[in-house]
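Below are the chains, spelled out letter by letter.
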Amino acid sequence: MVKISDKIRASNGQPFFSFEYFPPKTPSGVQNLYERVERMGKLEPLFVDITWGAGGSTTDLTLELSTNFQQQFCLETQMHLTCTNITQDSILEALSKCRKAGVQNILCLRGDPPRDQVEWKATEGGFSNAVDLVRFIRKEHGSHFGISVAGYPEGHIDWYKDTPTISEENYRKDLQYLKEKVDAGADCIVTQLFYDVDNFFKWVKDCRDAGITVPIIPGIMPINTYAGWERMTTLCKTQIPPSLREALEAIKDDDEAVKAFGVQYVTDMCRRLLDFGCPGLHMYTLNLEKSTLEILGKLNLLKDSVARRCLPWRPRLMEGRRPQEEVRPIYWANRPRSYLSRTLHWDEFPNGRWGDNRSPAFGELN
């Protein structure tokens with residue numbers, strides 16, 4: 001386990017990519033996500049992260065996924081933590097589980113209000129904002145965790161409640177608040193999605209002028225479908241360049257055309273970001289892989305990636321790696337879909353696991 005900020009420094013200026021996922025709503029969705037993450041993990045992202053869920057609604061599943069990504073797939077995992085509907089005791093419990101699981105990276109967020117609330121309100125015994133959460137983690141755990149925070153190139157969504165644009169005064173307040181998060185102990189910034197690259201360049205310069213020196217990783221959301229893109233950008237109050245809006249409006253009823261255009265548009269956007277000097281790209285995958293991998297492929301970021309053999313361990317990536325790794329003990333109990341876990345409840349099926357499930361003695365399938 002390594003802090004993301006340390007991995008960025010160790011990359012020696014080589015551009016990287018990372019993937020973000022969210023907890024699925026169904027068991028079959030969780031199974032599919034494991035398979036997808038295992039495939040995408042073979043491309044060696046610098047890290048992956050997993051969201052906390054609206055209103056803290058996926059706490060247990062987020063912890064489970066983070067643990068398995070870190071332990072079973074050996075992917076450096078960053079877990080989101082929000083201030084919504086959570087107390088200090090709950091945060092301490094989550095951080096304790098992270099330490100035990102080897103998850104050393106946390107993304108601290110205020111979070112969105114629960115779906116039944118219009119405005120965000122602090123939980124009694126909890127935190128008022130991400131600054132408080134960062135300070136609390138540093139107070140309780142010192143420098144153990146790598147802490148990332150969110151950056152908003154177009155300003156936080158709260159500034160847009162009564163106006164379609166952000167005032168210069170509020171823009172400067174937003175920058176100052178970001179600096180407070182960094183001064184509280186954050187060592188990395190991951191941005192909200194955006195499509196106005198020139199505005200992002202200006203924002204990064206303003207961050208540096210404000211004294212913010214930690215790495216800034218742009219958050220990139222591929223355009224998979226028009227409806228999905230419109231929903232997300234509306235929710236996030238994302239500023240859309242007129243040329244992008246016009247191009248998508250003309251093809252919005254052709255899903256294949258939207259996806260092809262989106263891949264090329266986002267690829268060109270990412271190329272400008274890397275040329276500008278961004279250390280890497282954080283891909284908001286939405287639990288999908290095709291568009292994300294096409295974009296990274298067009299950027300030649302996958303050219304040095306070698307798919308690992310399907311073995312229950314991960315080859316060492318550091319210098320001094322052995323030329324060959326042929327045999328290691330196979331600890332099947334540590335695999336999320338292990339033989340032991342699959343057979344744990346076989347004794348509940350009196351006719352055998354592969355017996356006739358129509359039999360009244362077969363037992364209830366659950």
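See the structure above.
In this report, the structure presented in the accompanying data block is examined. (Residues numbered from 1 in each chain as written. Predicted model: local features only at pLDDT ≥ 70, side-chain atom pairs only at ≥ 80, totals over all residues. Heavy atoms only, no water.)

## Observations concerning the pattern of salt bridges
Any two side chains of opposite charge can pair if their charged atoms end up close together. Scanning the entire structure with this criterion turns up 15 salt bridges. One salt bridge in this structure joins D268 and R271, with 3.5 Å as the shortest N-O distance. Taken together, the positions of D268 and R271, both in helix 10 (residues 255-276) and three residues apart, correspond to about one turn of that helix. Classification of D268 as partly exposed rests on a relative accessible area of 36%. On the basis of relative accessible area, R271 is assigned to the partly exposed category, the value being 34%. Residues participating in the shared-partner salt-bridge network are R36, R39 and E289. (Salt bridge = Lys/Arg side-chain N within 4 Å of Asp/Glu carboxyl O. Helix = DSSP H or I, 4+ residues; strand = E, 2+ residues; numbered from the N terminus. Buried < 20%, exposed > 50% of the residue type's maximum accessible area, 1.4 Å probe, protein only.)

## What about unusual backbone geometry?
Here K237, not a glycine, exhibits a phi torsion of approximately 55 degrees, which is positive. Within the fold, K237 resides in the loop between helix 8 (226-235) and helix 9 (242-251). Owing to a relative accessible area of 38%, K237 belongs among the partly exposed residues under this scheme. Of note, N287 is a non-glycine position whose phi angle comes to about 65 degrees, a positive value. Here N287 shows up in the loop between strand 8 (280-284) and helix 11 (290-298). By relative accessible area, N287 is classed as buried at 11%.

## Here's the deal with the packing of helix 9 against helix 10
Axis separation between helix 9 and helix 10 bottoms out at 9 Å; the angle between their running directions is 160 degrees. Considering the angle they form, helix 9 stands roughly antiparallel to helix 10. Along this stretch, helix 9 crosses helix 10, giving a crossing that reads as right-handed. Counting all contacts with helix 9, which are made through L244, A247, L248 and I251, the residues of helix 10 involved are A257, V258, F261 and Y265. (Axes fitted to C-alpha atoms, helices over the stretch in contact; angles between N-to-C directions. Parallel < 35°, antiparallel > 145°, perpendicular 65-115°, else oblique. Left-handed = near helix turned anticlockwise from the far one by under 90°. Contact = heavy atoms within 4.5 Å.)

## Comments concerning the side chain of N287
One polar contact links the side chain of N287 to the main-chain carbonyl oxygen of F22, over a distance of 2.9 Å. Once you skip the residues sitting within four places of it in the chain, N287 turns out to touch Y21, F22, P24, L33 and R36. (Polar contact = N/O pair within 3.5 Å; in protein donor to acceptor, adjacent residues only side chain to side chain.)

## A few points about the environment of D183
Residue placement: D183 occurs in helix 6 (residues 168-183). Residues D183 and G211 lie 28 residues apart in sequence; the distance between their C-alpha atoms is 9.8 Å.

## A word on helix 11
Among the residues of helix 11, those classed as buried are S291, T292, I295 and L296. End-on view of helix 11: buried residues confined to an arc of 130 degrees, all on one side of the axis. N300 lies just past helix 11 and shows a positive phi near 60 degrees. (Arc of directions from axis to C-beta.)

## Remarks on helix 8
All buried positions along helix 8 are accounted for by Y226, G228, W229 and T233. What you see down the axis of helix 8 is that its buried residues fit within an arc of 165 degrees, all on one side. Along helix 8, exposed side chains directed more than 90 degrees from the buried face belong to R231 and L235. Check the buried side of helix 8 and you find it contacts strand 6 (188-193), helix 9 and helix 10. At the C-terminal side of helix 8, K237 shows a positive phi close to 55 degrees.

## Quick word on the packing of helix 2 (residues 27-41) against helix 3 (residues 59-71)
Where helix 2 meets helix 3, the axes come as close as 12 Å, and the angle between the chain directions of the two elements is 30 degrees. Relative to helix 3, the element helix 2 is oriented roughly parallel. As helix 2 runs across helix 3, the sense of the crossing is right-handed. Across the interface between the two elements, V30, L33, Y34 and V37 from helix 2 touch L61, E64, L65, N68 and F69 from helix 3. Counted by class, the contact of helix 2 with helix 3 contains seven nonpolar, one polar and one charged residues. (Nonpolar A, V, L, I, M, F, W, Y, C, P; charged D, E, K, R; others polar.)

## So, the pairing of strand 6
Among the six residues in strand 6, five count as buried, and that is most of the element. Where strand 5 (residues 146-151) and strand 6 come together, four bridges link them in parallel fashion. What sits directly across from V149, in strand 6, is I189. The handedness of the strand 5 to strand 6 crossover, carried by helix 6, is right-handed. With three bridges joining them, strand 6 and strand 7 (residues 216-220) adopt parallel strand pairing. Each residue of the ladder has a partner; that of L193, found in strand 7, is G219. (Pairing = 2+ DSSP bridges. Right-handed = clockwise from strand over helix to strand, strands pointing away.)

## Thoughts on a negative patch on the surface
Taken together, D253, D254, D255 and E256 make up a surface patch of like negative charges. In this fold, D253 is placed in the loop between helix 9 and helix 10. A residue is classified by how much of its surface remains accessible, and D253, at 73% relative accessible area, is exposed. (Patch = residues over 30% accessible without salt bridge, like charges linked within 9 Å, V, L, I, M, F, W, Y side chains within 5 Å. Areas by Shrake-Rupley, 256 points an atom, 1.4 Å probe, with all protein chains shown as cover. Lys, Arg positive; Asp, Glu negative; His and termini not counted. Charge placed at Lys NZ, Arg CZ, Asp CG, Glu CD.)

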